[in-house]
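# A look at the structure
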Number of protein chains: 2
Amino acid sequence: MFKVTFRFESGEAVETFATSGENLLEVARKTNVAIDAPCSGNASCGKCRVKLVGGELESKKTRHITDEEYEQGWRLACVSTIEADVEVMVPDIASAYRSRMKVADLSSPDEVAIFEKTKQGLEDAGISLHNSLRTVRVSMAVPTLDDTMPDNERLTRALKKELNTEVVSLPYYVMRRLPDVLRASNFEVQCVIRTAANGHVFVYDVYEKDADVVIGGLAVDIGTTTVSGLIINMETGEIIGKASSGNGQIRYGADVINRIIESTKPGGQERLQDAVIQETINPMIEHMCRASGFDPKHIYRMCVAGNTTMNHLFSGINADHLRMEPYIPAFFKTNSFFASDLDIHINPDAHIIVAPNIGSYVGGDITAGTLVSMVWNRPEFSLFIDLGTNGELVFGNSDFMMSCACSAGPAFEGGDISCGMRATDGAIEACVIDKDTMEPTFEIIGEAGVKPVGLCGSGIIDVISELYQCGIINPKGKFIREGKRVRHDKYGMGSYVLVFQEDADSVKDIEITEVDIDNFIRAKGAIFSAIRTMLASLDFDITMVEDIYVAGGIGSGINMRNAINIGMLPDIPLEKIHYIGNSSLSGAYAMLLSTEAEKKTYEVASNMTYMELSAVPTYMDEFVASCFIPHTDNTLFPSVTLK
Amino acid sequence: MFKVTFRFESGEAVETFATSGENLLEVARKTNVAIDAPCSGNASCGKCRVKLVGGELESKKTRHITDEEYEQGWRLACVSTIEADVEVMVPDIASAYRSRMKVADLSSPDEVAIFEKTKQGLEDAGISLHNSLRTVRVSMAVPTLDDTMPDNERLTRALKKELNTEVVSLPYYVMRRLPDVLRASNFEVQCVIRTAANGHVFVYDVYEKDADVVIGGLAVDIGTTTVSGLIINMETGEIIGKASSGNGQIRYGADVINRIIESTKPGGQERLQDAVIQETINPMIEHMCRASGFDPKHIYRMCVAGNTTMNHLFSGINADHLRMEPYIPAFFKTNSFFASDLDIHINPDAHIIVAPNIGSYVGGDITAGTLVSMVWNRPEFSLFIDLGTNGELVFGNSDFMMSCACSAGPAFEGGDISCGMRATDGAIEACVIDKDTMEPTFEIIGEAGVKPVGLCGSGIIDVISELYQCGIINPKGKFIREGKRVRHDKYGMGSYVLVFQEDADSVKDIEITEVDIDNFIRAKGAIFSAIRTMLASLDFDITMVEDIYVAGGIGSGINMRNAINIGMLPDIPLEKIHYIGNSSLSGAYAMLLSTEAEKKTYEVASNMTYMELSAVPTYMDEFVASCFIPHTDNTLFPSVTLK
């Protein structure tokens, strides 16, 4: 046995023992040390970097580590094996594409505008913003020696009378609080209740008469790469807290397939579930509640939107059948989950609504997103695109809707890109390159003067578009001009330096490589070919698309002109393309706030047909043709010109 | 700070630190070291013995420790204070009146006879033995690429069709098991379901098609002193497991008042709840399941019968209001509790039925007991007596029923008796004393040749009756004959040695002292005076009582003749007095097995009036008059003669 020490930038360390020949990444996983491995240890992503600081480590050299870096001690954990005692430094930045928990500043109108818009959209469509939770005040006779009715019966009777109902349920949580609250408040209390369709009343909580009761709700978008959450006031729709974070499951693989495989290993289901709930969602709830001074026990309902795999891994239910013929999920819709089942740190009786999946690869993120895209409410033909790790499309109108999914990979959220990151502080979200000097100028997310950290999705689109427009790369994404910012490594791989290290908040230059560009071209190609294939199957031409609604964590700074320039979106007039932000989250918000919106989502889901792209013989050809800038068939992009 | 070491007979030790002047019993409690203190630290019971084995301890001398014992190092923890580093030995036998967990041998017909009788009684009264749980077998189409319905919908649809119902609920527990069970069993499964009155179906579990499904139920009688449990087959009523154990709460006080007081201290509710659930009920479940090879997750319903305080402490609900005017419980009836709420290690969705309380001092043990006593089903006037730590009485017939409660203390179960123990292996359960030689002969519970350990309730009745009949003690319980077995300590307190230490499985002689006799006389006096007071209030004479049903953990060996001799039971013909065993447990069994029996119990509870004895001015006089053997008014006991 050899001693393996993982040291963190904070100075903390974790020690464990491993046998000769054990893989370092596996050792880290067993020891619960978080090392990113989006490719799940295939040496293809280059993210699982560690720095050898003591002892010895057997490591293969790969293209992801330069000679200089190797000299400095950098190794990929996935190609390193234990042959002696060893101590490695694990970079903090390794975690979830450098994405720490980020609690939104709600004083910024940008953060809440989308939810105001969601509410407006629902109301315009005639959907009431009402839900089944509310507060009711009841007053009871104070018990005496002649009136010795027990507490639960006293409250139940008062509620039955007040609400004119036959059935009132008090859960254990309320029973425990009841004796003290009744007496502290002289038998006049406020109850948070839900009235079911049949008139039965469920009591979630009991408060003293003077308490300022806010009925909290929690909306969570579980993306494969990014998890976003909201705490809302269920009566007004007001946003109480907002946060986002990398999905803690990332260290088990960047895509759903790798995560499913990991979940089938012993203890895997629990590990994957813990990674998203205990390491991601619960801390997010805690941060939001701390920032807003809200008691998490006052969150009485939760709505989750995520793709089908995320829903299964979140609920700890075997997801393996999703990836094996005939691809059967355990559930599309379910009302089986409560907060206490999943150990989510809110009120234990909080019901967890799950935005419905409609297929193994089109999930609740899309049905919730489709709800707020309003595609279902317009006579015009619209295309809804969710640029997630899985790219999903919905095309249709108020008469019909068709959906499909393609595997884009995490590039839109900064994954699989060497200097990629989520659209959060320090991300280059927009870029212009001077054709002559090849010098770039940027817009960076965050306060004025913040140093750039990396590139988010919208920034990558700009960079690739600009590089192409300036003739620095060719349609295949290979470098064809030279300059001080263009480099070639010893394997001949070109790259463009956006920010030299001295100007960056980074341990190395921020650059984009041919591998990055290739990854991104494949991502955008997957989307564009999916659009073409789905429309073709319906005998629609791209020009017949009236409006495009683009959603996803690519960043609100997305430049649609550049997205067309690189051949990612169809070449239609710019004013017809709308960025609607994280529609999965705003859809979850809508389902939480409005019972009618929740019902509408189920209706949308059941009316939507699903097209399996892999079953369409022409899809692969379309994909290959789309893996160019902008496309092999330039007539599809008449508006695209060079600088 | 001084170091305090608690050493156990097993050799294990627990160390902690205490400040000068801290009480040793309090230190033990804080450190979670179990030391019996039925009197809750008032130096009155003498149970909290520890042996000083190192260091120093400031201790008061009390009558509970002889000079010789003091010399050996024995101290009462409750009168000891820390003034230096100290190490004490905590006797294992201190725990819960020497009562370890005891799993019954079900091959003995005695162990199950009472439940057969309970079933027969219910059937004779026209009560169906049916409950709402059953197994249903469903077969589904195996999914294909053309039939991709998710698992939950597939099962739900099949059940709806099979059961002709509109609503089928699958809880989280079933959802997690579903994908694997369906596939392991080729989509033909067995489900354990409950059909509610409105036809809605709840699925508790899903099994493979060839599994041998037994629907388990758990009945628990939570006595103040003793907890008893049964695992049953919910379809046949068969007893799968049976066990009893001391209530782990005993170290926080012998009676309900001391426990309530303890529960109001910081963390007290949790400590009392843990003591009965984690330390008593869960280990009991584990033992029963291990002995019978039954999976505790296959227990889908639980019924609890206990007094009102026990019900509150069990559920972790503030019990303090039970002891303060106007004595209002949090609940009489409740359907708010599920196994997962209380962390009871059975199926998490198991509903916990609670036998209804009818007052702060007449609880579910009595309503459940009354059910199986069948008092409510007979035209004759019967008296039902439960000889628990609280003595409870029900008098009436099929037209009316009245109940009352009196505080008897734990003497009937061997508590507050120096050599007392529960009616389990090693207990002297019957005794005859030769008038001339004063030599005793015994019956001892357990295998032939087992050495006596102590005295259970029925044994104490016999001993006191025999001592009185032989003229060894007078009507006040004082020793009036001398002999080799009669002793007097230096305070003049007399005692009678039943078994010398060399013949006993005990660290000292098994004897009965005047203090023990006095404790028992007060217990029997409380019962008899309660009977007299209640009957008098109804203008009934004792001779009008047609039948007496005696229940409780006093032991099946109870000699009714001797119980009359000491003035505990009314002097009516012996054939009219029936011992019905632990009626709280058999009542819980009945409620578990039969939905009609459950309903009948609620009906019995709501039809029963409650009489508060303390509000009757003559009760105290009756009590004082009853604290003699047999009574101050010997005309009440015409059949009692001396040997």
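## A word on the overall build of chain A
- Scanning chain A from terminus to terminus reveals 16 helices and 29 strands.
- Its C-alpha atoms give chain A a radius of gyration of 26 Å, within 12% of the compact-globule value 26 Å for 643 residues.
- Each of the three principal axes of chain A carries a C-alpha extent, and together these read 95 × 65 × 50 Å.
- Across the 643 residues that make up chain A, the buried fraction comes to 61%.
- For chain A, the proportion of contacts with a sequence separation of at least 24, taken over those separated by at least 6, is 67%.
- Element-wise, carbon and sulfur atoms account for 48% of the exposed surface of chain A, whose accessible area totals about 24100 Å².

## Here's the deal with helix H6 (residues 256-263) of chain B
Residues and elements named next belong to chain B.
- Counting buried positions over the 8 residues of H6 gives 6, a clear majority of the element.
- Those residues of H6 that sit buried are Val-256, Asn-258, Arg-259, Ile-260, Glu-262 and Ser-263.
- Of the surrounding secondary structure, the elements contacted by the buried residues of H6 are helix H1 (24-30), helix H7 (268-292) and helix H8 (308-314).
- With a side-chain oxygen positioned 3.2 Å from the backbone nitrogen of Ile-257, the residue opening H6 is Asp-255.

## Some details on the pairing of strand S14 (residues 226-233) of chain A
All names here are of chain A.
- For S14, a buried count of 8 out of 8 residues is recorded, marking the element as mostly surrounded by other parts of the structure.
- Judged by which residues are buried, S14 turns out to be covered on both faces: Thr-226, Ser-228, Leu-230 and Ile-232 on one side and Val-227, Gly-229, Ile-231 and Asn-233 on the other are all buried.
- In this structure, strand S13 (residues 216-222) lies alongside S14, joined through 7 bridges in antiparallel fashion. What sits directly across from Ala-219, in S14, is Leu-230.
- The hairpin turn running from S13 into S14, its antiparallel successor, is 3 residues long.

## As for the packing of helix H12 (residues 514-537) of chain A against helix H16 (residues 619-626) of chain A
Residues and elements named next belong to chain A.
- Contact geometry of H12 with H16 gives a least axis separation of 8 Å together with a crossing angle of 135°. With respect to each other, H12 and H16 are oriented oblique. Crossing geometry of H12 relative to H16 is assigned as right-handed. Two secondary-structure elements touch here, H12 through Arg-522, Lys-524, Gly-525, Ala-526, Phe-528, Ser-529, Ala-530, Arg-532 and Thr-533 and H16 through Tyr-619, Glu-622, Phe-623 and Ser-626.
- Tallied by class, residues from the contact of H12 with H16 come to 5 nonpolar, 4 polar and 4 charged.

## Structural notes on the interface of chain B and chain A
- Counting from both sides, the interface comprises 39 residues of chain B and, opposite them, 39 residues of chain A.
- Interface of chain B and chain A: buried area, both sides summed, is about 3100 Å²; carbon and sulfur atoms make up 58% of it.
- At the junction of chain B with chain A, the criterion picks out 2 salt bridges.
- With a shortest N-O distance of 3.4 Å, Glu-270 of chain A and Arg-176 of chain B are connected by a salt bridge.
- Linking chain B with chain A are 22 residue pairs in polar contact (both at pLDDT 80 or more), by the criterion used here.
- With 6 residues, the single largest contributor to the side of chain B that touches chain A is helix H5 (residues 172-184) of chain B.

## Looking at the pattern of salt bridges
- Within the structure shown, the criterion is met by 54 salt bridges over all chains.
- Arg-49 of chain B is the salt-bridge partner of Glu-69 of chain B, the closest N and O atoms lying 2.8 Å from each other. Of this pair, Glu-69 of chain B sits in helix H2 (residues 67-72) while Arg-49 of chain B is found in strand S3 (residues 49-55), placing the two residues 20 residues apart along the sequence. Comparing Glu-69 of chain B with Arg-49 of chain B shows no difference in burial state: the two are buried.
- Salt bridges sharing common partners tie together Lys-61, Asp-67 and Lys-490 of chain A.

## Considering the packing of aromatic side chains
- Tallied over the entire structure, the rule returns 24 aromatic pairs over all chains.
- Residues Tyr-204 of chain B and Tyr-300 of chain B carry aromatic rings whose centres are separated by 5.8 Å and whose planes lie at 50° to one another, so their mutual orientation is tilted. Here the residue Tyr-204 of chain B occupies a position in strand S12 (residues 201-208), and Tyr-300 of chain B occupies one in strand S16 (residues 299-306), the gap between them amounting to 96 residues.
- A relative accessible area of 1% means that Tyr-204 of chain B is categorised as buried.
- Among the aromatic side chains, those forming a connected cluster through ring pairs are Phe-381, Phe-395, Phe-400 and Phe-540 of chain A.
- When the ring centre of Tyr-70 of chain A is taken as reference, the NZ or CZ atom of Arg-75 of chain A above it lies at 3.6 Å.

## Remarks on the sheet that holds strand S5 (residues 74-76) of chain A
All names here are of chain A.
- Read across the open sheet, the 5 strands follow the order S2-S1-S7-S3-S5; overall the sheet is mixed. Both edges of this open sheet fall to strand S2 (13-18) and S5, since each of them pairs with a single strand only. Recorded for the sheet is a direction-independent mean angle of 35° between the axes of neighbouring strands.
- Two elements, strand S3 (residues 49-55) and strand S7 (residues 86-90), share 4 bridges in a ladder whose sense is antiparallel. Across the sheet, the residue bridging to Lys-51 is Met-89, located in S7.

## Description of the environment of Glu-26 of chain B
- With respect to the element layout, Glu-26 of chain B can be found in helix H1.
- Between the alpha carbons of Glu-26 of chain B and Ser-107 of chain B there is a distance of 44 Å; along the sequence they are 81 residues apart.

## Structural notes on the environment of Lys-119 of chain B
Residues and elements named next belong to chain B.
- Note that Lys-119 resides in helix H3 (residues 109-124).
- Given a relative accessible area of 14%, Lys-119 falls into the buried group.
- As for Lys-119 and Gly-237, which are separated by 118 residues in sequence, their C-alpha atoms are 8.1 Å apart.
- The contacts of Lys-119, once residues within four sequence positions are left out, are Leu-129, Thr-236, Gly-237, Tyr-589 and Leu-593.

## Quick look at the nonpolar core
- Formed by 111 residues in total, the largest nonpolar core has its most connected members in Met-302, Phe-314 and Ile-344 of chain A together with Cys-191 of chain B.
- A total of 9 residues in this core trace back to one element, the largest contributor, which is helix H7 (residues 268-292) of chain A.
- Not counting the four nearest positions on each side in its chain, Met-302 of chain A is found in contact with Leu-218, Val-220, Ile-281, Phe-314, Ile-344, Ile-346, His-351, Ile-352, Ile-353 and Leu-592 of chain A.

## Some details on helix H14 (residues 583-593) of chain A
- Among the 11 residues that make up H14 of chain A, 11 are buried, leaving the element largely enclosed by the rest of the structure.
- All of the buried residues along H14 of chain A are Ser-583, Ser-584, Leu-585, Ser-586, Gly-587, Ala-588, Tyr-589, Ala-590, Met-591, Leu-592 and Leu-593 of chain A.

## Quick word on the sheet that holds strand S21 (residues 427-433) of chain A
All names here are of chain A.
- Sheet architecture is open: 3 strands sit in the order S22-S21-S23, paired in mixed fashion. Taken across any chain shown, the strands that pair with only one partner, and hence form the sheet edges, are strand S22 (440-444) and strand S23 (454-455).
- As judged from the 5 bridges shared by S21 and S22, these two strands associate in the antiparallel manner. The residue of S22 that forms the bridge with Val-432 is Thr-441.
- This element, helix H11 (residues 457-469), spans S21 and S23 of the sheet and lies at about 15° to S21.

## Concerning the pairing of strand S12 (residues 201-208) of chain A
Residue and element names in this part refer to chain A.
- Counting buried residues along S12, 7 of its 8 residues qualify, which places the element largely inside the surrounding structure.
- Inspection of the sheet shows strand S10 (residues 168-169) paired to S12 by 2 bridges, in the parallel sense. Its bridge partner being in S12, Ser-169 is matched across the sheet by Phe-202.
- The pairing of strand S11 (residues 188-195) with S12 spans 7 bridges and is classified as antiparallel. Each residue of the ladder has a partner; that of Val-192, found in S12, is Asp-205.
- The loop that links S11 with its antiparallel partner S12 comprises 5 residues; one of these, Gly-199, has a positive phi angle of about 90°.

## Here's the deal with the side chain of Asp-151 of chain A
- By the secondary structure assignment, Asp-151 of chain A is in helix H4 (residues 151-163).
- One polar contact links Asp-151 of chain A to Arg-183 of chain A, side chain to side chain, over a distance of 3.0 Å.
- Not counting the four nearest positions on each side in its chain, Asp-151 of chain A is found in contact with Leu-178, Pro-179, Leu-182, Arg-183 and Phe-187 of chain A together with Ile-328, Pro-329 and Ala-330 of chain B.

## Re the relation of the copies chain B and chain A
- With an axial shift of 0.2 Å and an RMSD of 0.2 Å, the rotation relating chain B to chain A amounts to 180°. Such a combination of rotation and displacement between the chain copies is what one expects of a two-fold axis. Measuring from the rotation axis to each C-alpha of chain B, the shortest distance belongs to Ser-340 of chain B, at 4.5 Å.
- When the interface residues of chain B are mapped onto chain A, 100% of them again fall at the interface, so both copies present the same face.

## Side note on the confidence of the model for chain A
- Taken over all residues, the pLDDT of chain A has a mean of 92, while the share at 70 or more is 98%.
- The low-confidence segment residues 93-98 of chain A, where pLDDT is below 50, has 22 contacts with residues more than four positions distant or belonging to other chains.

Reading guide: rules and limits
Sequence order as written defines residue numbering, which begins from 1 separately in each chain. Written order decides the labels, with chains lettered from A and ligands numbered from 1. Only residues with pLDDT of at least 70 are given local features in this predicted model, and only at 80 or more are side-chain atom pairs given and counted; all residues enter the totals for whole chains, interfaces and linings. With hydrogens and water excluded, all non-hydrogen atoms of the structure serve as input to the side-chain values. A run of H or I in DSSP counts as a helix once it spans at least four residues, and a run of E counts as a strand once it spans at least two, with each numbered from the N terminus. Only C-alpha atoms enter the radius of gyration, while the globule expectation follows 2.2 Å times N to the 0.38, with N the number of residues. Exposure classes here rest on a 1.4 Å probe applied to the protein chains alone. A residue is buried below 20% of its type maximum, exposed above 50%, and partly exposed in between. For this analysis, residues touch if any pair of their heavy atoms sits within 4.5 Å. For accessible areas, the Shrake-Rupley method is used with a probe of radius 1.4 Å. Any residue's cover is judged against the shown protein chains and nothing else. Whenever a nitrogen or oxygen atom comes within 3.5 Å of another N or O atom, the pair is scored as a polar contact, on the condition that within protein one atom can donate a hydrogen and the other can accept it, and that pairs from neighbouring residues in sequence are kept only if both atoms are in side chains. The pairing criterion is simple: DSSP has to find at least two bridges between the two strands. Every angle, taken between N-to-C directions, lies between 0 and 180 degrees, and every axis is a line fitted to C-alpha atoms, over only the stretch in contact when it is a helix. Reported orientations rely on four angle classes, namely roughly parallel under 35 degrees, roughly antiparallel over 145, roughly perpendicular from 65 to 115, and oblique for the rest. Take the far helix as your reference; a near helix turned counterclockwise from it by less than a right angle gives a left-handed crossing, and one turned clockwise gives a right-handed crossing. Throughout, the ten residues Ala, Val, Leu, Ile, Met, Phe, Trp, Tyr, Cys and Pro are labelled nonpolar, Asp, Glu, Lys and Arg are labelled charged, and all others, Gly among them, are labelled polar. Accessible surface is computed with a 1.4 Å probe, and the buried area is the amount of it that two parts give up when combined, taken over both parts together. What counts as a salt bridge is simple: a side-chain nitrogen of Lys or Arg found within 4 Å of a carboxyl oxygen of Asp or Glu. Under the pairing criterion, centres of Phe, Tyr and Trp rings, with the six-membered ring standing for Trp, must be within 6.5 Å; the plane angle then separates stacked pairs below 30 degrees from edge-to-face pairs above 60, leaving the rest tilted. Our definition puts a charge over a ring when NZ of Lys or CZ of Arg is within 6 Å of the ring centre and also within 35 degrees of the ring normal. Put simply, buried Ala, Val, Leu, Ile, Met, Phe, Trp, Tyr and Cys residues joined by side-chain atoms within 4.5 Å make one nonpolar core. All copies are superposed by least squares; the fitting set is the C-alpha atoms of residues with a pLDDT of at least 70 in both. Note: pLDDT gives the predictor's confidence per residue, expressed from 0 to 100.

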